[in-house]
Amino acid sequence: MSTEIPQSPSQPGVAERAIDATTDVSRTIGEVAGGLRTAVDRLTSTIEEARKPGGALATVAAITREAPLTSLFVAFLFGVAIARRR
């Protein structure tokens, strides 16, 4: 018979767990930032395409320059229609 006391494997301390949690959060933030950067790049390229002559934003900009009050009224009505749906 042995007189040695069996020792359980050492568990990580509070500091080690905090460092692990911080590392995990840092990785997650990095992944989210990378995904957000990709989404912003795609949105930027889509807007640039729409601003080219003949694109949707170019057409809206031209109409707005020609009739600003009418465009404002249409935008107001569009906002009211969206607000009533909710």
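These lines cover the structure that appears in this document, whether it is placed above or below. A quick note: this is a predicted structure, and the numbers were derived from the prediction, not measured. (Residues numbered from 1 in each chain as written. Predicted model: local features only at pLDDT ≥ 70, side-chain atom pairs only at ≥ 80, totals over all residues. Heavy atoms only, no water.)

### Comments concerning the overall build of the chain
In terms of helices and strands, the chain carries three helices and zero strands. Going residue by residue from the N terminus, the α and β elements of the chain occur as α-α-α. By the burial criterion, 3% of the 86 residues in the chain qualify as buried. Here the chain displays about 8200 Å² of accessible surface, and carbon together with sulfur accounts for 63% of that area. (Helix = DSSP H or I, 4+ residues; strand = E, 2+ residues; numbered from the N terminus. Buried < 20%, exposed > 50% of the residue type's maximum accessible area, 1.4 Å probe, protein only. Areas by Shrake-Rupley, 256 points an atom, 1.4 Å probe, with all protein chains shown as cover.)

### Observations regarding a nonpolar patch on the surface
Together, F73, V74, F76 and L77 make up a nonpolar patch on the protein surface, roughly 420 Å² of accessible area in all. Within the fold, L77 resides in helix α3 (residues 68–85). Judged by relative accessible area, which is 42%, L77 ranks as partly exposed. (Patch = residues over 30% accessible without salt bridge, like charges linked within 9 Å, V, L, I, M, F, W, Y side chains within 5 Å. Salt bridge = Lys/Arg side-chain N within 4 Å of Asp/Glu carboxyl O.)

### A short note on the pattern of salt bridges
Applying the stated criterion across every chain, the model contains two salt bridges. Among the salt bridges present, the one from R27 reaches D24, with a minimum N-O distance of 3.6 Å. Residue R27 and its partner D24 are located together in helix α1 (residues 14–51), separated by three residues, close to a single helical turn. Looking at D24, the relative accessible area reads 43%, which means it is partly exposed. Of the charged contacts, one joins E49 and K52 as a salt bridge, the two residues approaching to 3.1 Å between their closest N and O atoms.

### Some words on the packing of α1 against helix α2 (residues 56–66)
The geometry of α1 relative to α2 is characterised by a closest axis approach of 5 Å and an angle of 55 degrees between their N-to-C directions. Relative to α2, the element α1 is oriented oblique. Where α1 abuts α2, its residues I47, A50 and R51 lie against A56, L57 and A58. The residue makeup of the contact of α1 with α2, split by class, is five nonpolar, no polar and one charged. (Axes fitted to C-alpha atoms, helices over the stretch in contact; angles between N-to-C directions. Parallel < 35°, antiparallel > 145°, perpendicular 65-115°, else oblique. Contact = heavy atoms within 4.5 Å. Nonpolar A, V, L, I, M, F, W, Y, C, P; charged D, E, K, R; others polar.)

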